[in-house]
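Structure assessment
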Amino acid sequence: MLIVALLVGHLTASLKNTARLVQAQESRTRALYELARKLAATLTRQEIEHTTCRFLQEVIPGCQIRVIEPNAGDSLTPPLPAPLRDALEQRQQTLRTENGDPAQARLLVPMLASSGLHGILVCDLPAAQAESTEHRELLETIASLAAVALERTHFADAAHQSEVRHSTEVLRNSILSALSHDLRTPLTGLMGMAETLSRGRISPERQQALLETLRTQALNINQQVTNLLDMARLRSGTVELNKAWQPAEEVIGVILQQARTQWKDRPISVSLEPGLPPLCYDAVLMERALWNLLENAIKYSPAGSPIEISVCRQDEHALISVCDRGPGLPAGLDSDTLFSMFRRGNPESNIPGVGLGLAIARTIAEAHAGDLLAENRPGGGASFSLRLSLALADCPEEELDEQP
């Protein structure tokens, strides 16, 4: 009976020890899964390093963790000796005594992925823990997870940079194409008219007509160059909005004055909904957006046909609409194509322009957390509407204090 009791006790203790080890392994596996989930949501190298170090400090108390770049071994204090550097280059864990203290050690774990070494995990911990096989395996597993995350961010950054370079190249080619065609042609006409005027052999009436044509062509070229510069500035992402509370009729009044100077014979009507509150917007940018919409409506509608500008409220938004009686929008044309850069209603049209007006207007609307809507009108024509929010949160706090 004594032998049986000893045997049963031994088996029970062994079973409890096994159960404890299984529970510890399960807990570690769950923790590693949670780490992998967190690393999958990180976007930058700094986030990955912070998440990894914080996790290790929780699972290995008293451990000081940091991550250094693959070629930053000399930044350690003291610097890495040649044997440890060689070991890291061979992708092996290395152990060294910290500052000659046998109770403390520094464990260097290479962070390896399929594309190579992405960093070195530097762990300062007690020597007993550093020499533990369990801790070494845990550190190696965590270093592998972090290395895979670093590799993912590296390739994501490379893909983003490649996309940016491609977009920049496409934009550059488009601008060069616009400059070579849509600007060179009117410039050639300007040179011919200037040469005709310089000879002085034409009647005063003919001179006045040529001067008017010169002015119109110069205004068109100036508008095209302005659009190119505006789009380059907006696409650079460096534009800061100077928002302020202003009535919509202020910016409409500015563009009407400019329009009456350039298009004297074109009837333009304005309709404002009574009781509409002030809007929070950047006056300069909003002027550019509305001017492009107005110019687009005038260019693509019959001469002498009326242009209508209206401002109304729609739920929690204000709609500033520019409507014409032209041919309307082509059937089956989606908004992304309509508002894309260098897109024109008729590529072979003799109407001056480089196809940037609507793209600039939409970019400005989106910068104001709004949108640009387009639709055909009943009875013919098109309507383009800037939709802006009436929410107070869209304006700076210092402006809110001034709002009655």
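Everything quoted here is computed from the prediction, not taken from an experiment.

Things to note about the overall build of the protein
Per the secondary structure count, the protein includes 11 helices and 11 strands. When the 404 residues of the protein are sorted by exposure, 37% land in the buried category. In the structure as shown, the protein presents an accessible area of about 23,200 Å², 54% of it carried by carbon and sulfur atoms.

Concerning unusual backbone geometry
Positive phi is not limited to glycine here, since Asp315 has a value of about 55°. Tracing the backbone shows Asp315 in the loop between strand E8 (307-314) and strand E9 (317-323). Accessibility expressed as a relative area gives 67% for Asp315, which makes it exposed. You will see that Ala369, though not glycine, has its phi angle at about 60°, which is positive. Note on placement: Ala369 falls in the loop between helix H10 (357-367) and strand E10 (371-376). The exposure class of Ala369 is exposed, given its relative accessible area of 58%.

Topic: the pattern of salt bridges
Oppositely charged side chains may form a pair once their charged atoms are brought near each other. Tallied over the full model, the rule gives 5 salt bridges. Here Arg54 and Glu58 are joined by a salt bridge, their closest N and O atoms 3.9 Å apart. One end of the pair is Arg54 and the other is Glu58, both in helix H2 (residues 45-59) and 4 residues apart, which spans about a single turn. Across the pair, Glu58 and Arg54 agree in class, each one exposed.

Focus: the environment of Ala318
In this structure, Ala318 sits in strand E9. For the pair Ala318 and Pro277, spaced 41 residues apart in sequence, the C-alpha separation works out to 9.1 Å.

Description of the sheet that holds E10
The strand order across the open sheet formed by 5 strands is E6-E8-E9-E11-E10, and the pairing between neighbours is mixed. Every other strand in the sheet has two partners, leaving strand E6 (268-272) and E10 as the edge strands with one partner each. Averaged over all neighbouring strand pairs, the angle between strand axes comes to 20°, with direction disregarded. Alignment of E8 against E9, held across 7 bridges, turns out to be antiparallel.

Notes on helix H7 (residues 248-262)
The end-to-end C-alpha distance of H7 is 22 Å, a good match for the 21 Å that 15 residues give at a rise of 1.5 Å each. Among all positions of H7, only Ala248, Val251, Ile252, Ile255, Leu256 and Ala259 are buried. Buried residues along H7 cover an arc of 140° about the axis, so they all sit on one side. The exposed residues of H7 that point more than 90 degrees off its buried face are Gln257 and Arg260. Packing partners of the buried residues in H7 comprise strand E5 (243-246), E6, strand E7 (279-282), helix H8 (283-299), E8 and E9.

Some words on the pairing of E9
In terms of burial, E9 is a largely internal element, 6 of the 7 residues being buried. Linking E8 back to E9 in an antiparallel pair, the connection comprises 2 residues, with Asp315 at a positive phi of about 55°.

So, the state of the cysteines
Applying the stated criterion across every chain, the model contains 0 disulfides. Here Cys53 stays free of any disulfide, with the sulfur of Cys123 as its closest cysteine sulfur at 8.3 Å. In this structure Cys53 comes out as buried when scored by relative accessible area, which is 12%.

A look at the nonpolar core
Counting 39 residues, the largest nonpolar core has Leu290, Leu293, Leu294, Ile320 and Leu386 as the members making the most contacts within it. Elements with a contribution of two residues or more to this core: H7, E7, H8, E8, E9, H10 and strand E11 (382-389). The leading source of residues in this core is H8, at 9 residues. The next biggest cluster of nonpolar side chains, apart from the first, holds 29 residues, and it includes Leu35, Val67, Ala105 and Met111.

Reading guide: rules and limits
Residues numbered from 1 in each chain as written. Predicted model: local features only at pLDDT ≥ 70, side-chain atom pairs only at ≥ 80, totals over all residues. Heavy atoms only, no water. Helix = DSSP H or I, 4+ residues; strand = E, 2+ residues; numbered from the N terminus. Buried < 20%, exposed > 50% of the residue type's maximum accessible area, 1.4 Å probe, protein only. Areas by Shrake-Rupley, 256 points an atom, 1.4 Å probe, with all protein chains shown as cover. Salt bridge = Lys/Arg side-chain N within 4 Å of Asp/Glu carboxyl O. Pairing = 2+ DSSP bridges. Axes fitted to C-alpha atoms, helices over the stretch in contact; angles between N-to-C directions. Expected span 1.5 Å × (residues − 1). Arc of directions from axis to C-beta. Contact = heavy atoms within 4.5 Å. Disulfide = S-S within 2.5 Å. Core = buried A, V, L, I, M, F, W, Y, C linked by side-chain atoms within 4.5 Å.

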